[in-house]
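Results of the structural survey
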Amino acid sequence: ADAAEVPRAKVSILKGHTSEVFICSWSPTAPKIASGSGDSTSRIWDIGEGPCGEGSEATLNRPVVLKHFKSGNEKSKDVMTLDWHSDGELLATGSYDGQARVWSVKGELVNTLSRHEGPIFSLKWNKKGDLLLSGSVDKTAIVWDVKSGAVKQQFGFHSGATLDVDWKNNDTFATCSMDNLIHVCQLGEEQPVKTFRGHTDEVNAIKWCPQGALLASCSDDKTAKVWSLKQDGPLHELKEHKREIYTIKWSPTGPGSANPNQDLVLASASFDASIKLWNSETGKCVHTLERHSHPVYSVAFSPDGKYLASGSFDRALHIWTVADGRLVRTYRGDGGIFEVGWNKEGNKVAACYSNNTVCVMDFRMEGEQQQQRQQQEESPGARGRG
């Protein structure tokens, strides 16, 4: 059976941005979404608990607007990256103007962090929530003390733009760059504690697994790799994609996660229009998800690790089962998708689009199947046939 298409009427479309929406992220504590756009604003949308759909849009389209400019004629302040603080009270944004900003959930600018000399592509709070890590085109990464706004340490080890950063724990993190290298750095250390060499083209994204033991990376060299601090070369080289790999995500499963009894899986999304799911222990490709027709820019696992959402420039938002790689839901919007994400309950999915919108839809599986079975049993025609 083909995946159920979600009708437009069942989707909430959030309008207000005046340029493409590059990023969207659910609050870790409340039913809110933060979005970042090429219009030099970030917006915080209150989604509420009720069902999504055209009926709820009127109330949804009054977001808190975080303006990254003072007047209309300032240079480009595209909001390239954002990250919620773990308590949901603060939001950090990184902009094309090279400044990181920290906002309250009500929209007040709490701090402006100025030291980078080029656009910020990646920004992450540590788990403890006292430090912010930013990576910039200026080839550096900076760890900020957020309370004081001071630079704790600037790391200048790359010879190309820093494309992504990710914390391993509260004081150790990894950076990747257009220089093909990955550095693992520690606060207080003057040199990287480890450098991973092996990619032959720019490294687009890096992610530590839930336990912080394995680091996954993906590159324009068409490979993804899994690294461990215990060895220099990669643990696994994942070589089946035919084009650049734009992003990777670990499932929220296995040791160190909320779902410790499920296997740890790595998802990779590529410009070859496919997504691959990899077994983290063997490095073997378990499933290839092939229903997109354009580059896939984003994938996100549901909080229980059972589903994967994907978004592509073919305008399709797909939801797949992780266990058997089956496509179970599709929503076709009106623009290319830059990012997808799940709320903390795992019952809503958001996507942000090149046509200036953010879309939100409900997702439930088990309940619906039970309802369908009940309806079949209750309909008189069903028994008489056969």
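All values reported here derive from a predicted model rather than from experimental measurement.

Cut-offs applied
Residues numbered from 1 in each chain as written. Predicted model: local features only at pLDDT ≥ 70, side-chain atom pairs only at ≥ 80, totals over all residues. Heavy atoms only, no water. Helix = DSSP H or I, 4+ residues; strand = E, 2+ residues; numbered from the N terminus. Rg over C-alpha atoms; globule rule 2.2 N^0.38 Å. Buried < 20%, exposed > 50% of the residue type's maximum accessible area, 1.4 Å probe, protein only. Areas by Shrake-Rupley, 256 points an atom, 1.4 Å probe, with all protein chains shown as cover. Salt bridge = Lys/Arg side-chain N within 4 Å of Asp/Glu carboxyl O. Pairing = 2+ DSSP bridges. Axes fitted to C-alpha atoms, helices over the stretch in contact; angles between N-to-C directions.

With that settled, consider the overall build of the chain. For the chain, the helix and strand inventory stands at three helices and 33 strands. Relative to a compact globule of 386 residues, whose C-alpha radius of gyration would be 21 Å, the chain shows 21 Å and is just as compact. When the backbone C-alpha atoms are referred to their principal axes, the chain occupies close to 80 × 50 × 35 Å. Counting over 386 residues, the chain shows a buried share of 55%. Surface exposure of the chain reaches about 17000 Å², of which carbon and sulfur atoms provide 46%.

Throughout the structure, instances matching the rule amount to 17 salt bridges. We note a salt bridge from aspartate 232 to lysine 194, for which the minimum N-O separation is 2.8 Å. Placement of the pair is aspartate 232 in the loop between β21 (224–228) and β22 (236–238) and lysine 194 in strand β18 (residues 194–196), with a sequence separation of 38 residues. A salt bridge links lysine 225 to glutamate 237, with the nearest nitrogen and oxygen atoms 2.4 Å apart. Of this pair, lysine 225 sits in strand β21 while glutamate 237 sits in strand β22, and the two are twelve residues apart along the sequence. The class for lysine 225 is buried, based on a relative accessible area of 3%. Taking the relative accessible area as the measure of exposure, glutamate 237 reaches 41% and is therefore partly exposed. A single salt-bridge network, built from bridges that share partners, covers Lys124, Asp164, Asp166 and Lys207.

With antiparallel pairing, the four strands of this open sheet are ordered in space as β11-β12-β13-β14. Each edge of the open sheet carries a strand with a single partner, namely β11 (120–125) and β14 (150–155). For this sheet the average axis-to-axis angle between neighbouring strands, irrespective of direction, equals 20°. Of the strand pairs in this sheet, strand β12 (residues 131–136) and strand β13 (residues 141–145) are connected by five bridges, and their pairing is antiparallel. Bridging from a neighbouring strand, leucine 133 pairs with valine 143 of β13.

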